[in-house]
Amino acid sequence: MAERRFNALTGEWVIVSSGRLHRPWQGETAAPPALEPQWRADCHLCPRSRRTSGAVNPDYAGVYAFDNDFPALPTSSSPGSSEPLLLREPVTGKCRVVCYSPRHDMTLATLDSRAIAGVIESWTNETSVLAVDHAWVQVFENKGRMMGCSSDHPHGQIWATAMVPTVAQREDERQQRYAAVHGAPLLLDYVERELTLGERIVVANGSWAAIVPFWAAWPFEVMLLPRARVDSFESMNVASRDDLRDLLMHTLAAYDRLFGVSFPYSMGWHGRGRTQGRHWQLHAHFYPPLLRSPSIRKFMVGFEMLAEAQRDLTPEEAAARLRAVVS
Ligand code: H2U
Ligand code: ZN
């Protein structure tokens, strides 16, 4: 049995094959990870240590954000060209690094609720400052070596750009079109529908829901969606912020429990930018690479690269497996 599902947010299709799951799960668990110390002299992100640029980190408590020493985006622009087949345009922006905690041995999943609230506060403050003179602010985290993360120290990044990047542009168009036709935000209608059905919900509370999307491409992909109109971090009220903190804690703990390892992923936030309209809903995407065990990952290769995304585990099965390990 297989079917194609439409991603209402991006306009892409994904092939969902079921039955392949009858292949037995190995139930494999990884060797326990090497215990990291609370502080490492050779970690560029630990308090009091020296970064590659020569700057010395302060003896920070809580969250510490700084300008990336190796920014991918320049602050001044190069000339563009309008030749149709060799189109180019300038790109400028600002890159920040956000250390979630002074503790080298923690992850977002293992921080306590006060520390996670601090991370949400930092995402909010950083975004509102950067949004003043950037069209798009991308908060993200690459977690784990499997995802190419360069440091075990708990941290994420923020890239703010003068332009609206491809994925954001696509999501903007789809949300705008949906709101024009249906008179409501796409992601608000979507979360309501999912909460009614229940089969793809991982965990939910008064203001937020964690869902394996109907159109998920990655095995244990999750979206965090607000249950009311919230277009940006700044527009969250106190209850929404507290509920987001709790939802993050439950979702990330379930991820870590799934295969008994600190779960790798790429995650990021999409919130309304300066140039977007009221059709936007703030949301997070979690894209974890693991499929069957701590070491067996899904590779998006072959057919996926050349034709269309495909998955072996249905989103409903993935949600049930995550629900089973939610505390
Ligand atoms: P990743 O682990 O996701 O690559 O993020 C680490 C970032 O931290 C990376 O972009 C920056 C790197 O440029 N960094 C500094 O700015 N200064 C340093 O001394 C080390 C790393
Ligand atoms: Zn460190």
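An account of the accompanying structure is given in this report.

What counts and what doesn't
Residues numbered from 1 in each chain as written. Chains lettered and ligands numbered in written order. Predicted model: local features only at pLDDT ≥ 70, side-chain atom pairs only at ≥ 80, totals over all residues. Heavy atoms only, no water. Donors = N, O, S within 2.8 Å, 3.2 Å for Na, K, Ca; no water. Tetrahedral: all angles 85-135°; square planar, octahedral: opposite > 155°, others 65-115°. Buried < 20%, exposed > 50% of the residue type's maximum accessible area, 1.4 Å probe, protein only. Patch = residues over 30% accessible without salt bridge, like charges linked within 9 Å, V, L, I, M, F, W, Y side chains within 5 Å. Areas by Shrake-Rupley, 256 points an atom, 1.4 Å probe, with all protein chains shown as cover. Salt bridge = Lys/Arg side-chain N within 4 Å of Asp/Glu carboxyl O. Helix = DSSP H or I, 4+ residues; strand = E, 2+ residues; numbered from the N terminus. Near = heavy atom within 4 Å. Polar contact = N/O pair within 3.5 Å; in protein donor to acceptor, adjacent residues only side chain to side chain. Nonpolar A, V, L, I, M, F, W, Y, C, P; charged D, E, K, R; others polar. Core = buried A, V, L, I, M, F, W, Y, C linked by side-chain atoms within 4.5 Å. Contact = heavy atoms within 4.5 Å. Pairing = 2+ DSSP bridges. Axes fitted to C-alpha atoms, helices over the stretch in contact; angles between N-to-C directions. Expected span 1.5 Å × (residues − 1).

1. Some remarks on the coordination of the zinc ion (ligand 2)
Around the zinc ion (ligand 2), the donor atoms from the protein are C43 (SG), C46 (SG), H104 (ND1) and H153 (ND1), and they sit 2.0 to 2.3 Å away. Given four donor atoms and angles of 101 to 114 degrees at the metal, the environment of the zinc ion (ligand 2) is assigned as tetrahedral. Given a relative accessible area of 1%, H153 falls into the buried group.

2. Some details on a nonpolar patch on the surface
On the surface, F299, V301, M305 and L306 cluster together to form a nonpolar patch covering roughly 500 Å² of accessible area. The residue L306 is located in helix α5 (residues 303-306) in this model.

3. Focus on the site of ligand 1
Around ligand 1 sit 14 residues, and of these T52, N68, D69, S150 and H155 come closest. Contacts to ligand 1 include H155, whose side-chain N or O atom sits 2.9 Å from an oxygen atom. When isolated, ligand 1 has an accessible area of 470 Å², and the protein chains bury 87% of it. Of the residues contributing to the shell around ligand 1, the split by class is four nonpolar, eight polar and two charged.

4. Overview of the nonpolar core
Core analysis: the largest hydrophobic core is formed by 47 residues, its most contacted members being W123, L224, W269 and F286. At seven residues, helix α4 (residues 238-259) tops the list of elements feeding residues into this core. Among residues more than four places away in sequence, those in contact with F286 are E221, V222, L224, L248, L252, Y255, Y265, S266 and M267.

5. Some points on the sheet that holds strand β1 (residues 2-6)
The strand order across the open sheet built from three strands is β1-β2-β12, with neighbouring strands paired in mixed fashion. This sheet does not close on itself; its edge strands, each paired only once, are β1 and β12 (309-311). Strand-to-strand twist of the sheet, defined as the mean angle between neighbouring strand axes without regard to direction, takes the value 25 degrees.

6. Observations concerning α4
The end-to-end C-alpha distance of α4 is 33 Å, a good match for the 32 Å that 22 residues give at a rise of 1.5 Å each. By the N-cap criterion, in which a side-chain oxygen at the helix start approaches the backbone nitrogen of a residue two or three places on, α4 is capped by N237, the distance to A239 being 3.2 Å. Following α4 by one or two positions, G260 has its phi on the positive side, about 70 degrees.

7. Some words on unusual backbone geometry
One non-glycine residue, R48, adopts positive backbone phi at about 70 degrees. Position of R48 among the secondary structure elements: in the loop between β2 (13-17) and β3 (64-67). Take R48: its relative accessible area is 47%, and that puts it in the partly exposed class.

8. Overview of the environment of A217
Checked against the element boundaries, A217 lands in the loop between β8 (208-211) and β9 (222-226). Taking the relative accessible area as the measure of exposure, A217 reaches 16% and is therefore buried. Along the primary structure A217 and D189 are separated by 28 residues, whereas in three dimensions their C-alpha atoms are 21 Å apart. Discounting residues that sit within four places of it in the chain, A217 has contacts with V14, M300, A309, Q310 and R311.

9. Re the environment of R274
On the secondary structure map, R274 appears in the loop between β10 (265-270) and β11 (283-287). Note: C-alpha distance between R274 and S262 (twelve residues apart in sequence) is 35 Å. Residue contacts for R274: discarding those within four places in its chain leaves A131, V132, D133, H134 and A135. At 2.9 Å, the side chain of R274 and the backbone oxygen of V132 are in polar contact.

10. Quick look at the pattern of salt bridges
If you walk through the whole model with that rule in mind, you get 20 salt bridges. We note a salt bridge from R170 to E12, for which the minimum N-O separation is 3.1 Å. Taken together, the residues span a long stretch of sequence, with R170 in helix α2 (residues 166-182) and E12 in the loop between β1 and β2 at a distance of 158 residues. Classification of R170 by relative accessible area gives partly exposed; the value is 27%. The partner of R51 in a salt bridge is D69, and the shortest N-O contact between them spans 2.7 Å. You can see R51 sitting in the loop between β2 and β3 and its partner D69 sitting in the loop between β3 and β4 (93-99), a full 18 residues away along the chain.

11. Here's the deal with the sheet that holds strand β6 (residues 155-161)
Read across the sheet, nine strands follow the order β3-β4-β6-β5-β10-β11-β9-β8-β7 without closing on themselves; strand pairing throughout is antiparallel. Of all the strands in the sheet, just β3 and β7 (201-204) have a single pairing partner and so form its edges. On average, each strand axis in the sheet is tilted by 20 degrees relative to the strand beside it, whichever way the strands run. Alignment of β8 against β9, held across four bridges, turns out to be antiparallel. Paired with A210 across the two strands is L224, which belongs to β9.

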